[in-house]
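# Topology and contacts: notes
Listed below are the residues making up each chain.
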Amino acid sequence: MSEGVLDGKVPPGPIEEKWSNHKFDVKLVNPANKRRFHIVVVGSGLAGASTAATLGQLGYRVTMITFHDSPRRAHSIAAQGGINAAKNYHNDGDSVYRLFYDTVKGGDFRSREGNVYRLAEVSVNIIDQCTAQGVPFAREYGGLLDNRSFGGAQVSRTFYARGQTGQQLLLGAYQALMEQVQRGSVTLYHRTEMLDLVLKDGRAVGVVTRDLVTGEVRSFSGHAVVLATGGYGNAFFLSTNAKGSNATAIWRAHRKGALFANPCYTQIHPTCIPASDEFQSKLTLMSESLRNDGRIWVPEKAGDDRPPGQIPVEERDYYLERRYPAFGNLVPRDVASRAAKREVDAGRGVGPRQNGVYLDFAAAIERLGRHTIEERYGNLFEMYERITDENPYEVPMRIYPAVHYTMGGLWVDYDLMSNVQGLYVLGEANFSDHGANRLGASALMQGLADGYFVLPATINDYLAGQLGQEPVPTDDPVFVEAEQGVTETVKRLLSVRGNRSVDHFHRELGKILWNDAGMARSAESLEKARAEIPALREEFWNDVRILGDGESYNQSLERAGRVADFLELGELLCADALHREESCGGHFRVEHQTEEGEARRDDEHFSYVAAWEWQGEGAAEVLHKEPLEFEHVHLAQRSYK
């Protein structure tokens, strides 16, 4: 493919009618024919479980692949704070259009309007769907579903189940999935990892997997392939993601021709427990919902190491409330994260390592009573105390930003199909909807919107053209060749027999990305990272040591394959960040900021999606652009003051 302009295939017409009209215009597959189609779904989180359950219920024959021992282990279960929907139950001025506006603005005007409006439109159906499944959303005294506020909005639109929203939503999708497994419409393969995408005549026709217990390499064929495998935040090593979260599925698809869009858009979450030492392997997220009642502050004077209870209110700086009075502690995540970094860098950090800021609930407890705070956040407070041995009812929490969500991912059009025919990408695995920064409580919304409502309505258009065709058999040469490639990669990893562990290389990559391509990036730091990562990758392939073999349960081998992919992805992330000479959302170039330290976009030159095409190992990738047009949201520099 030569460098060119991408078409997102957004339907014409008024934005309020695009989705309804499009659903009418797409081709359909009648119920009797649906059972003749095979679809491979990779990933069992909210997006994957919901789409597999829905497709199975519609009558399609679905193969679901998950590397977990149960779909319930997917990282969606870790989402705490809530899920957005424009129900306007609080009668505070919310609407589908306002959710659409807030999402486009929150993403710093770097998302596709048509997709975002559809997301806001579908959000109202998600809550009804999940409530009917029995998801125990919080309710007000009168029995109506309750809402709370989240960053980047001035209305209460976030539905929640205490601090366990992701878990409860995933259990709802899981029970719908397992019903279809029991009925036979979905065949579920546990402990099975996708290691390659198989193409024939330019179409996605299946995947190659490896059984993580036995080491068996096996192919699965289908009329279409759906990837719902999450994001790539673990490229930074220290992140809020589960240790198993990885980018292998989408990266292997990228190597087969799927365009990778906006890899530099990585989100730093402001509400994470600070690292306690240099040897930590995982960071723990505290829900953004805590910012509803917690006030964020630091001592006014640098180096003030008094216990927080001994620092008078007049000697505290509630810096978010001071700088952003209209939104206060509920500014978007990228804004709150950079503000915290600024305070710590200025010497006002708190805690044993001076690497955090305070999130204080004293005023809320005094105003509402401890019982109310326990009802809202009790399990989160308990988790914090178990990790830090500090009681947040009595002393403020300590928080600091950490890598969380990734807005970049495989490029998809309005139908959620990548540039590779027959390859669909859902949830965090695609680049769609969130632009340069995701608003809190919108990840669960997108995953369920894509899985329950969007893909089941759009995939028919592609499948209808294949009626009467059988899936490509797994003994076809394209599958045989792909299986051989996977087997050779496994053998290559095992044959290195070097001296360094897999985690050593992953940690070193994480340090490079965090220091040089993290919350603040510059041309100098990014060039430095681009020089260091290839050297680290070469060292990895010459000095990594993987114990065990390829015919048994071998987590070291699993991680090695994923780290190999992260090493390549990290280099693309830096290249994308270097080419984008502006600051927007989670992408902050220090050369492009206002006098007040806020992000400065360049709409004239960078109002587009940057989608990259793989050219082979060691070769520079080719950039393709999808222009972004804003007909309904006026382009403006973001302000939360």
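Heads up: the structure comes first, above all this text.
Residues numbered from 1 in each chain as written. Predicted model: local features only at pLDDT ≥ 70, side-chain atom pairs only at ≥ 80, totals over all residues. Heavy atoms only, no water.

## Re the nonpolar core
Counted only if it meets this: The criterion is simple. A nonpolar core is a set of buried Ala, Val, Leu, Ile, Met, Phe, Trp, Tyr and Cys residues joined through side-chain atoms within 4.5 Å. Burial classes follow relative accessibility: with a 1.4 Å probe on protein chains only, a residue under 20% of its type's maximum area counts as buried, one over 50% as exposed, and anything between as partly exposed. Helix numbering and strand numbering both begin at the N terminus, where a helix is a DSSP run of H or I of at least 4 residues and a strand a DSSP run of E of at least 2. We call two residues in contact whenever any of their non-hydrogen atoms come within 4.5 Å of each other.
In this structure, Ile83, Leu227 and Leu423 are the most contacted members of the largest nonpolar core, which totals 172 residues. By residue number, the principal contributor to this core is helix H16 (residues 555–579), which donates 12 residues. Not counting residues within four places of it along the chain, the set of residues in contact with Leu423 comprises Leu197, Ala204, Val225, Leu227, Ala253, Ala258, Leu416, Met417 and Ser418.

## Some details on the side chain of Arg601
Here is the rule we go by: Any pair of N or O atoms that falls within 3.5 Å is considered a polar contact. Within protein, one atom must be able to donate a hydrogen and the other to accept it, and sequence-neighbouring residues count only if both atoms are side-chain atoms.
Position of Arg601 among the secondary structure elements: in the loop between H16 and helix H17 (603–606). Side-chain polar atoms of Arg601 contact the side chain of Asp108, separated by 2.8 Å. One polar contact links Arg601 to Asp603, side chain to side chain, over a distance of 2.8 Å. The contacts of Arg601, once residues within four sequence positions are left out, are Asp108, Phe109, Arg110, Glu582, Ser583, Cys584, Leu635, Ala636, Gln637 and Arg638.

## With respect to the sheet that holds strand E6 (residues 192–200)
Quick note on the threshold: A pair of strands is treated as paired once DSSP finds two or more bridges between them. In this analysis an axis means a line fitted to C-alpha atoms, helices contributing only their contacting stretch, and an angle means the value between N-to-C directions, from 0 to 180 degrees.
Strand order in the open sheet made by the three strands is E6-E7-E8, with antiparallel pairing throughout. Every interior strand has two partners, whereas the edge strands, E6 and strand E8 (217–221), have only one. Within this sheet the neighbouring strands show an average axis-to-axis angle of 30°, counted without direction. Note: E6 against strand E7 (residues 203–211), eight bridges, orientation antiparallel. Looking at the pairing, Glu193 lines up with Arg210 of E7.

## Some remarks on the pairing of strand E12 (residues 295–299)
A regular strand places its side chains so that they alternate between the two faces of the sheet. For E12, the buried fraction is high: four of the five residues fall into the buried class. Relative to strand E14 (residues 357–360), E12 runs antiparallel, the two being bridged by three bridges. Looking at E14, one finds that Arg295 is bridged to Asp360.

## Points about the packing of helix H15 (residues 523–543) against H16
Any two packed helices are characterised by how steeply their axes cross, that is the angle between the axes, and by the distance between the axes. Here is the rule: Any angle that falls under 35 degrees is termed roughly parallel, while one over 145 is termed roughly antiparallel, one within 65 to 115 roughly perpendicular, and all others oblique. Handedness of a helix crossing follows the sense of rotation of the near helix relative to the far helix, less than a right angle counterclockwise being left-handed and clockwise being right-handed. For this classification, the nonpolar set comprises Ala, Val, Leu, Ile, Met, Phe, Trp, Tyr, Cys and Pro, the charged set comprises Asp, Glu, Lys and Arg, and every other residue, Gly included, is treated as polar.
Contact geometry for H15 and H16: axes closest at 9 Å, N-to-C directions at 160°. Taken as axis vectors, H15 and H16 run roughly antiparallel relative to one another. By crossing handedness, the relation of H15 to H16 is classed as left-handed. Between H15, through Ala523, Leu526, Glu527, Ala529, Arg530, Ile533, Pro534, Leu536, Arg537, Phe540 and Trp541, and H16, the contact on the second element is made entirely by Ala560, Val563, Ala564, Leu567, Glu568, Gly570, Glu571, Cys574, Ala575, Ala577 and Leu578. Across the contact of H15 with H16, the residue classes break down as 16 nonpolar, one polar and five charged.

## Brief notes about the sheet that holds strand E19 (residues 622–627)
Read across the sheet, four strands follow the order E16-E10-E18-E19 without closing on themselves; strand pairing throughout is antiparallel. Bordering the open sheet on either side are strand E16 (409–410) and E19, each of which pairs with just one other strand. Here strand E10 (residues 260–261) runs beside E16; their pairing, made up of two bridges, is antiparallel. Each bridged residue has a counterpart across the sheet, and for Phe260 the counterpart in E16 is Leu410. Each of E10, strand E18 (608–613) and E19 is contacted by H16, which is oriented at about 145° to E18, the strand it contacts most.

## Points about the pattern of salt bridges
Quick note on the threshold: Counted as salt bridges are all cases of a side-chain nitrogen of Lys or Arg within 4 Å of a carboxyl oxygen of Asp or Glu.
Counted according to the given criterion, the structure contains 45 salt bridges. Two residues, Arg370 and Glu374, come together in a salt bridge whose shortest N-O distance is 2.9 Å. Of this pair, Arg370 and Glu374 both sit in helix H11 (residues 370–388), separated by four residues, roughly a single helical turn. Classification of Arg370 by relative accessible area gives partly exposed; the value is 39%. Arg537 is the salt-bridge partner of Glu571, the closest N and O atoms lying 2.8 Å from each other. In this pair, Glu571 is assigned in helix H16 and Arg537 in helix H15, connecting sequence segments 34 residues apart. Among the charged side chains, a salt-bridge network with shared partners connects Asp108, Arg110, Asp334, Arg338, Arg580, Glu582, Arg601, Asp603 and Arg638.

## As for helix H12 (residues 443–463)
Heads up, the condition is: How far a helix is expected to stretch is found by multiplying one less than its residue total by 1.5 Å. The bend at a residue is defined as the angle formed between two axes, one fitted to the seven residues ending at that residue and one fitted to the seven starting there.
Helix length check: H12 (21 residues) gives 28 Å between terminal C-alpha atoms against 30 Å at 1.5 Å per residue, within 8%. Along H12, the sharpest kink reaches roughly 50°, centred on Val454 and followed within four residues by the proline Pro456.

## Some remarks on the packing of helix H3 (residues 46–58) against helix H6 (residues 165–183)
As a packed pair, H3 and H6 sit with axes 8 Å apart at the nearest point and diverge in direction by 35°. The hand of the H3/H6 crossing is left-handed. Across the interface between the two elements, Leu46, Ala49, Ser50, Ala52, Ala53, Gly56 and Gln57 from H3 touch Leu169, Leu170, Ala173, Ala176, Leu177 and Gln180 from H6. Grouping the amino acids of the contact of H3 with H6 by side-chain chemistry returns nine nonpolar, four polar and no charged.

## Looking at unusual backbone geometry
Unlike most non-glycine residues, Gln354 shows phi in positive territory, near 50°. In this structure Gln354 comes out as partly exposed when scored by relative accessible area, which is 44%. You will see that Asp433, though not glycine, has its phi angle at about 85°, which is positive. Here Asp433 lies in the loop between strand E17 (423–425) and H12. Owing to a relative accessible area of 6%, Asp433 belongs among the buried residues under this scheme.

## As for the side chain of Asp516
Looking at where Asp516 falls in the secondary structure, it is placed in helix H14 (residues 502–517). Contact partners of Asp516, with chain neighbours within four places excluded, come to Arg521, Ser525, Leu526, Lys528, Ala529 and Glu532.

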